[in-house]
Every structure is written in structure tokens, then in C-alpha cells.
Amino acid sequence: MKPRITVVTLGVDDLEKSLEFYKEGLGLPTEGIIGKEFEHGAVAFFDLQAGLKLAIWNRHDLAKEAKVPQTAASSFEFTLGHNVGSKEEVDELMDQAKQAGAVITDPAHDTFWGGYSGHFQDPDGHLWEIVWNPQWDIEG
């Protein structure tokens, strides 16, 4: 296996609501929902950096496809990290997420390790961290 991830898929309860959050609220580029012509196939993809996409798919359809029982959602199993180039960018993105309807769980603050970060939950409770790490050089 090569050391790369090409798609991160989030199971969501309301595909349209999540599409609006990520497209309109956070400004992620997408062609919208595709695959509606297939039973259990409706999905939306968002272009992230080169070679990486975020997908949102109905939680029920994802469980069916993977042949696993659908269980209660848990927001703290993992976080999606978005690193930025400054403390100001953290504050701007946290505000953008809040305006889009995100729940701010951890307002932006200085971290014990010398960085700056905050956390929010999307409409389905998926946990995001917006972070500035002074040790990392983030372009664009």
C-alpha cells in the first residue's frame, strides 16, 4: 500500500444540508450531488488539495455499501485537521464556520505546544480542527 489518502468520506444524515454547509458555508468547490440515478448512490465530492477529495454520503448508504451495521454517530472518533498559515487565518475560518452553522466546541486559543487552534462540528457532528502550527510551512 502506498502512503496516501485520496478520499475522506463522511457519513451524513441530510445530504442536502451537508452540501449547503460545505459548499455555501465553507466555500469548498463541488459539482454538487451526483449519482442520484443509482439506489444508494447519491454523493457529493469536494476538491481539496491536489489528489485529495472530501466526500459526503448518506450514513445509511455508507453502512450498506461497507456491509457494517449502522451505529450511533460519534463526533470524537477522529478529527479533520485544516492547517493554515497564521493565527489570523484560524480566527477567520472559525468565524466562517460559525456563520455557516457550525457548532464551535473549542474557541481558537494558544495551545500548550506553541500553536493556535480551535474546533468545530459540522451539521452531522463531525469534528474539525483549524490550526496554525509555527513549525509547519503552509502554502496557499
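Scroll up to find the structure this text is about.
Residues numbered from 1 in each chain as written. Predicted model: local features only at pLDDT ≥ 70, side-chain atom pairs only at ≥ 80, totals over all residues. Heavy atoms only, no water.

Examining the layout of surface pockets
Space inside the largest pocket adds up to approximately 690 Å³. What lines the largest pocket is a set of 25 residues, and nearest its centre among them are Gln49, Gly81, His82, Asn83 and Trp128. Sorting the residues of the lining of the largest pocket by element identifies strand S5 (79-84), helix H3 (87-99) and strand S8 (127-132) as the ones contributing at least two each. Examining the composition of the lining of the largest pocket, we find that 5 residues originate from one element, S5, more than from any other. Residues belonging to the lining of the largest pocket are distributed by class as follows: 16 nonpolar, 7 polar and 2 charged. In this structure, the second largest pocket spans a volume of roughly 390 Å³. Taken together, 21 residues make up the lining of the second largest pocket; nearest its centre are Arg59, Leu62, Thr71, Ala73 and Glu77. For the lining of the second largest pocket, the leading source of residues is helix H2 (residues 59-66), giving 4 residues. Its residues assigned to classes, the lining of the second largest pocket comprises 10 nonpolar, 8 polar and 3 charged. (1 Å grid on protein atoms, 1.4 Å probe; cavity = no way out; pocket = protein on both sides within 12 Å on 5 of 7 lines; lining within 4 Å. Points joined across faces, edges and corners; volume = space filled by probe spheres on them. Helix = DSSP H or I, 4+ residues; strand = E, 2+ residues; numbered from the N terminus. Nonpolar A, V, L, I, M, F, W, Y, C, P; charged D, E, K, R; others polar.)

Focus on the nonpolar core
One recurring pattern in soluble globular proteins is that nonpolar side chains are buried together. Of all hydrophobic cores here, the largest spans 25 residues; its most connected members are Tyr22, Phe46, Ile56 and Phe120. Taken together, the elements giving at least two residues each to this core come down to strand S1 (7-12), helix H1 (15-25), strand S3 (43-47), strand S4 (53-58), S5, H3, strand S7 (116-121) and S8. If sequence neighbours within four positions are ignored, Phe120 has contacts with Phe21, Leu26, Met94, Ala97, Ala102, Val103, Ile104, Thr105, His126, Leu127, Trp128 and Ile130. (Core = buried A, V, L, I, M, F, W, Y, C linked by side-chain atoms within 4.5 Å. Buried < 20%, exposed > 50% of the residue type's maximum accessible area, 1.4 Å probe, protein only. Contact = heavy atoms within 4.5 Å.)

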